[in-house]
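Understanding the architecture of this molecule
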Amino acid sequence: MDKKKVMVVDDEQDFLRIVKLNLESAGEYEVLTLSNTKNIVAEVNRFKPDVLLLDLLMPSVGGMEVCEMLNADPVGKRTSIIIVSALEKDKDKLNAYKLGVVDYMVKPVDRKELINKIEMAVRFK
Amino acid sequence: MVMPFRSARNLAFSVMLFMIIGVSVYAYLIMERNAERVDEIVVVQESRLNNWYELSEVIREIESAFNRYQTGESEVISPVMLLLDKALRKVNEMKASGIYVGELRNLDSLADEMLTFRQVAFLYATEVKTGYKYGASGKEMKRIAQNALIRMNELSNSTLHYVTDKIAKKKEDLLGNIDESQRVLAVVLFVSIVVTAGAAIFMSRALARPIFELVTAAKRIAAGDLDGKIEVETDDEIGELKEAFNHMVEEVQCSQDAIEIEKNYVDSILSSMNDTLVVVNADGVIMTVNQALLNLLGYAEEELVGRPIGSIFAAALDERGANSQTENPGKTGDWQKSILNAISSTKCFNWEVTYRTKDGRNINMLFNSSAMKNSDGEVISTACTAQNITLLKKMEADLDKINKCFLNFGPDPGENIQLVVNAVGSIFGGKCVFYNKLDGEVLRTEAGWNIPEGFAKESPKEGHICVDVIAADLNEPYVVKDLDESKYAELDPAIARYGLKTYLAYVVRENDIPVGSLCVVYDEDRDFDDDEKKVLTILSQAVGVEEERKKEGNKVKEAYAKLKEAQEQVIQGEKLKAIGQLASGVAHEVKNPLGIVLQGVNYLEGKLELSEDDSEILDMMVKNIKRADNIIGTLVEYSRATKVTLKAEDINDIIKVSLVLVRHRVNLKNIEIVEDLDKNLPSVAGDKGKMEQVFVNLFLNAIQAMPDGGKLFIRSCQKKLDAPGDGVGRRDTDTFDLGEEAVIVEIEDTGASISEDNLQKIFDPFFSTKGPKDGTGMGLSVTKNIIDLHRGFIGIENRIDGGVKVSLTLKIHSGG
């Protein structure tokens, strides 16, 4: 069985690194991390991830805009997006769900929980 | 005896000449004297005309002062009031000396208009002072005042014309009569001369006897006897002369009669005068008095005529006319002379002097005198007129008191009402004065004058006389005589205790609604005249105006309290908003690193070959990361509660729902719940979700305080807050008024007590007596914040038997 492709987008390098390690050590994931959202559509087209873990508060292009851009892209449209953000207000969650994200997790995120959510997202894809 | 003809003729001629001259002079003197009397009357009348000119002038001054007040040029109404009092005094002076019916009638109307104006101008000024609190009625009062002014002007002008016409006509009539007499006299003189000439011719033809007869008759006439006639014996010239002579005598008689009629006319005027009149001669001896003087002083005419003028004065007069301080020092020559000098002087106009009656009472008089002088300028006699101004003086004094009372008005309506009550006391006297106000079932004395010690300030309203006054709501004072025999005597023991006999009251209205009674009680029988009733009416209305002001003041206070409440809520909300913004920012910044740490720890947990300690440490790290995350979460939540939506809620329902939420833990910890909820509680003003949060927090705290089980008491009840403290009172932080009804909820546990130091800090954010694993330390501060937003009060104290009692005081939902 092919490894599931997970793309992680966050502006914190440390976070990207530890999440990559955690997911890879679980053994079933091919992980690509991205600290810059500038070429996100092109990157998604190239990598074609099953699940995209996306932060909301990022420099230049924020998570919400990324969702909109991906919704307008044929490949991006088929990618399951899970928001992983420090924002915990209902308003933020609601806006994200409106943009078609499959899940929303508030940092700090537990590894087991994260893997559960990714599995769910893959399953319902 | 027959004299030589020439000498007889000369003698007769001379005698006749003398006779004619004598009669002429005599007649002339009588005429002259009459004319002087007429002049004198005219002078007195014209002084009235002057009064009217002065009065018109004062009214114009009032008008311009009032205009200045209206335009704001003058800030106070008192100049208008002072001028008005001056005008009223003037009107009363004039009234006392009024002659014409029309004039008196107009004076009465004028006084009425002035009183109306005074009252309305005062109310208007109150409006202006309070910034037109009453709106339309303020303008109405201003309009009434201006109308009253216009009518005052019209009245004074029309009466001025009326009096001018009347005086001119009267003068014309009197002088016309005198002219008529003089014409008759001239004819008589002419006829006499003709007759004399005829007689001389007849004399020249002799016949002395008839001439002597004529001489005798002439002498008789000269002596004033006009009745006798000469018999006409012959129809010759002598006979004709005699007839002519007789005719002349008749003519003189007619003239005398005319003069007599004039005199009677003047006499009747004098006797019909209301003013007293006394005429003295040059030596100060009383010559003439009129009935008014006799009535006033109680003398008979013969007791006064011929006595010195000093007899009717109570005190001497100085040169300026004022009563000198010397009390009647006896009728010495000097004293007598001083009075005579004073009244003969030309300055004697409208002096206030004191007459003394036969039975020794003193009477204040407004005194005028007019000296009659001969052609050398010597005083022949002096006519003194005077009016009784005792009542006028009293009214003047009363007006003064009212004025002082109003001028002393301050910002506090209660004090002003006391001032009015004091004024009533000093004007009406009496045993005491009350201002009683109806308050529900109780009649309360709000202000009093001369109230005896130990007098009950409150009494039940049943059967109270003042309640009848309020119920009757009459537009005139309420008078009850023979109080001790009235139905009130049974119900009110004070009537018998203080021997009260007479009761006078006027209803006090607040915005046209009768609320109280301003009353004077007397321990004697007493009657009240119209002036006194009017004074009480005005003063009661003043009390009413002050009551309205008091009410307005209370409304302002209420509005201020509401504003303050809203302001406090806004401040509290703003504070929380600021904390919220800060907390959100901090949360984001903290959560990101926490996320990394948690992932890192998770990663390490997945590594192989961990010792037991390693695993434990990693576990601990995870727990503490979650704890830090919780704190951030609660902080954000705490600051998010910036607004509550208050609705009428049943607090018992909220308590029950909250209990369900913690039921699981209650059962787990073996805790017994003891409920004592009042089923008939009124609704509280609450935000259901937030209040549930409060109770869940409080229940969890209690449960956590009893790890080994215990009892959780929950009570709810309604209570009147009658003790200050705990949010009750007038401090800025107090949200409940003393005496306010509120809903109380008490939650008690039987766990551990809390030290006094910690009790002080228990509501501070992040304060916790629990271990790190049990709580964030935000629970009670979130709870307090929610209660604050409800404008309620939360208190915490240790129970005597151990454990803690938390009390909530909550606002009752006020309808709607």
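The text that follows walks through the structure, step by step, so that each part is easy to find. (Residues numbered from 1 in each chain as written. Chains lettered and ligands numbered in written order. Predicted model: local features only at pLDDT ≥ 70, side-chain atom pairs only at ≥ 80, totals over all residues. Heavy atoms only, no water.)

Further remarks concern the packing of aromatic side chains. This structure, assessed with the given rule, holds seven aromatic pairs over all chains. Seen from their ring centres, F66 of chain B and F117 of chain B are 5.2 Å apart, and the 75° between their planes marks the pair as edge-to-face. Of this pair, F66 of chain B sits in helix α1 (residues 5-71) while F117 of chain B is found in helix α3 (residues 101-129), placing the two residues 51 residues apart along the sequence. The pair F66 of chain B / F117 of chain B is uniform in exposure class, with both members buried. Ring centres of Y355 of chain B and F367 of chain B lie 6.4 Å apart, and the angle between their planes is 75°; on these two criteria the pair is classed as edge-to-face. Residue Y355 of chain B is located in strand β5 (residues 351-356), and its partner F367 of chain B is located in strand β6 (residues 362-373); the two are separated by twelve residues in the primary sequence. With a relative accessible area of 0%, Y355 of chain B lands in the buried category. Taking relative accessible area as the criterion, F367 of chain B reaches 0% and is therefore assigned buried. Sitting over the ring of F47 of chain A, K5 of chain A keeps its end group 5.3 Å from the ring centre. One cation-aromatic arrangement involves K107 of chain A over F15 of chain A; the distance from NZ or CZ to the ring centre is 4.7 Å. (Phe/Tyr/Trp six-rings, centres within 6.5 Å; stacked < 30°, edge-to-face > 60°. Helix = DSSP H or I, 4+ residues; strand = E, 2+ residues; numbered from the N terminus. Buried < 20%, exposed > 50% of the residue type's maximum accessible area, 1.4 Å probe, protein only. Lys NZ or Arg CZ within 6 Å of the ring centre and 35° of its normal.)

This paragraph deals with the sheet that holds strand β15 (residues 671-677) of chain B. Residues and elements named next belong to chain B. If you walk across this open sheet you meet the five strands as β15-β17-β18-β20-β19, and the pairing is mixed. Single-partner strands in this sheet number two, and they are β15 and β19 (793-798). Across this sheet, the average inter-strand angle for adjacent strands is 15°, counted without regard to direction. Most of the contacts of helix α17 (residues 651-668) go to β15, to which it runs at about 175°, and overall it touches β15, β17 (710-720), β18 (741-749) and β20 (804-811). Docked against the sheet, helix α18 (residues 688-705) engages β15, β17, β18, β19 and β20, running at close to 30° with respect to β18. (Pairing = 2+ DSSP bridges. Axes fitted to C-alpha atoms, helices over the stretch in contact; angles between N-to-C directions. Contact = heavy atoms within 4.5 Å.)

Once that is clear, we can look at the sheet that holds strand β1 (residues 276-281) of chain B. Residue and element names in this part refer to chain B. What the five strands build is an open sheet, ordered β2-β1-β7-β6-β5; its pairing is antiparallel. Both outer strands of the open sheet, β2 (286-289) and β5, are each paired with one neighbouring strand and no more. Each strand axis lies, on average, 35° off the axis of its neighbour in the sheet, ignoring direction. Sheet analysis places β1 next to β2, joined by three bridges and oriented antiparallel. Counterpart to V280 in the pairing with β2 is I286.

All right, on to the nonpolar core then. Residues and elements named next belong to chain B. If you look at the biggest cluster of nonpolar residues, it comprises 89 residues, and the most contacted ones within it are I62, M114, F117, Y503 and L518. If one sorts the elements of this core by residue count, α3 sits on top with twelve residues. Taken together, domain 1 (5-269) and domain 3 (395-557) each give at least three residues to this core, which thus spans both. Discounting chain neighbours no more than four positions away, the residues touching F117 are I62, F66, V80, L84, F122, A145, A148, L149 and M152. By size, the runner-up hydrophobic cluster in this structure holds 38 residues, among which are M706, V743, I754 and L810. (Core = buried A, V, L, I, M, F, W, Y, C linked by side-chain atoms within 4.5 Å. Domains from an automatic or database assignment.)

All names here are of chain A. Helix α3 (residues 63-71) packs onto helix α2 (residues 40-47) with a crossing angle of 55° between their chain directions and a minimal axis gap of 10 Å. Here α2 lies oblique to α3, going by the angle between them. Crossing hand, α2 versus α3: right-handed. Of the residues in α3, those touching α2 at I40, V41 and V44 are V66, M69 and L70. In terms of residue class, the contact of α2 with α3 is made up of six nonpolar, no polar and no charged. (Parallel < 35°, antiparallel > 145°, perpendicular 65-115°, else oblique. Left-handed = near helix turned anticlockwise from the far one by under 90°. Nonpolar A, V, L, I, M, F, W, Y, C, P; charged D, E, K, R; others polar.)

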